[in-house]
Amino acid sequence: MKGYIHSFETFGTKDGPGIRFIVFLQGCPLRCLYCHNPDTWIKSNARYQMTAQEVFREYEKVKGFVKGGITLSGGEPLMQPTFVLELLKLCKSKGVHTAIDTSGYLFNEQVKDVLNWTDLVLLDIKQFDEVKYRELTSRELKPTLDFLAYLEKKEIDTWIRYVLVPGYTNQKDDVEALANYLSTKQNIKQVDVLPFHQLGALKWEELGLEYKLKEVIPPLDVEQREIEGIFKKRGLKVKERE
Ligand code: SF4
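Being a predicted model, the structure only gives us computed values, none of them experimental.

Visitor: Quick rundown of the side chain of Gln-224? Include the residues and the values.
Guide: Position of Gln-224 among the secondary structure elements: in helix α8 (residues 221-233). The buried category is assigned to Gln-224, whose relative accessible area is 2%. Once you skip the residues sitting within four places of it in the chain, Gln-224 turns out to touch Leu-164, Val-193, Pro-195 and Arg-241.

Listed below in structure tokens is the structure:
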């Protein structure tokens, strides 16, 4: 069985604890307006097709420096649950810490199996208002919330990631509702507020896609602090920025 891989990052410091080996998998069911990696959307456009053993060998080449573990990101790693399961089992058999970065949109029995081998989930919640979520991602919010409920039930450590996009995700009512909701969950160890940036804009052009966020200016520091404050006020730990 081969996985469809977009790329690797050898010294990832943002996608889980410690310095990590990041595997970006190809394919995603969402279409986020701010996506930085629209070139990961279509599974068949993968640069590499590799077995779990081959991917793990790539990790082994750098494991002397990469002390944190392996994170599977994308795209959406859970679009390839059979491959991901094989890779995570291999990691755990070698004592390597595992994390997956996901939107939580794909939630089924296979995914539950994958979670048995996952130490940490980085769950991207794009918006907490259902209508705005759909406008932003072209998909429904509910599967993500069902996914989070399952993570809580299984006591799986979870970091929430929230991309702050002026005009799309900075409405205080929505953030407060999200923060209230998250503050009831015992498994949430951290919230990471990520400022929107324009670094992915060129990729949209290269792919001939219409990029609707051309005019959006990244959030000011003060605005980001305010949004982070909403989470902190509910007792949630917010990741410190470098
Ligand atoms: S979930 Fe991630 S990869 Fe998929 S469209 Fe959204 S930002 Fe892009």
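There is more to say after this.
Visitor: So, the nonpolar core: which residues are in play, and what are the values?
Guide: Counting residues in each nonpolar core, the largest one holds 69 residues, and the members touching the most others are Ile-70, Leu-72, Leu-115, Leu-182 and Phe-231. For this core, the leading source of residues is helix α2 (residues 81-93), giving seven residues. Those residues in contact with Ile-70 that lie beyond four places of it in its chain are Arg-20, Phe-21, Val-23, Phe-56, Tyr-59, Cys-91, Val-96, His-97, Thr-98 and Ala-99.

Visitor: Which residues make up the site of the ligand, and what are the values?
Guide: Around the ligand, the surrounding shell consists of Cys-28, Leu-30, Cys-32, Cys-35, Thr-40, Trp-41, Gly-75 and Lys-126. Tallied by class, the residues present in the shell around the ligand amount to five nonpolar, two polar and one charged.

Calculation rules
- Residues numbered from 1 in each chain as written.
- Predicted model: local features only at pLDDT ≥ 70, side-chain atom pairs only at ≥ 80, totals over all residues.
- Heavy atoms only, no water.
- Helix = DSSP H or I, 4+ residues; strand = E, 2+ residues; numbered from the N terminus.
- Buried < 20%, exposed > 50% of the residue type's maximum accessible area, 1.4 Å probe, protein only.
- Contact = heavy atoms within 4.5 Å.
- Core = buried A, V, L, I, M, F, W, Y, C linked by side-chain atoms within 4.5 Å.
- Near = heavy atom within 4 Å.
- Nonpolar A, V, L, I, M, F, W, Y, C, P; charged D, E, K, R; others polar.

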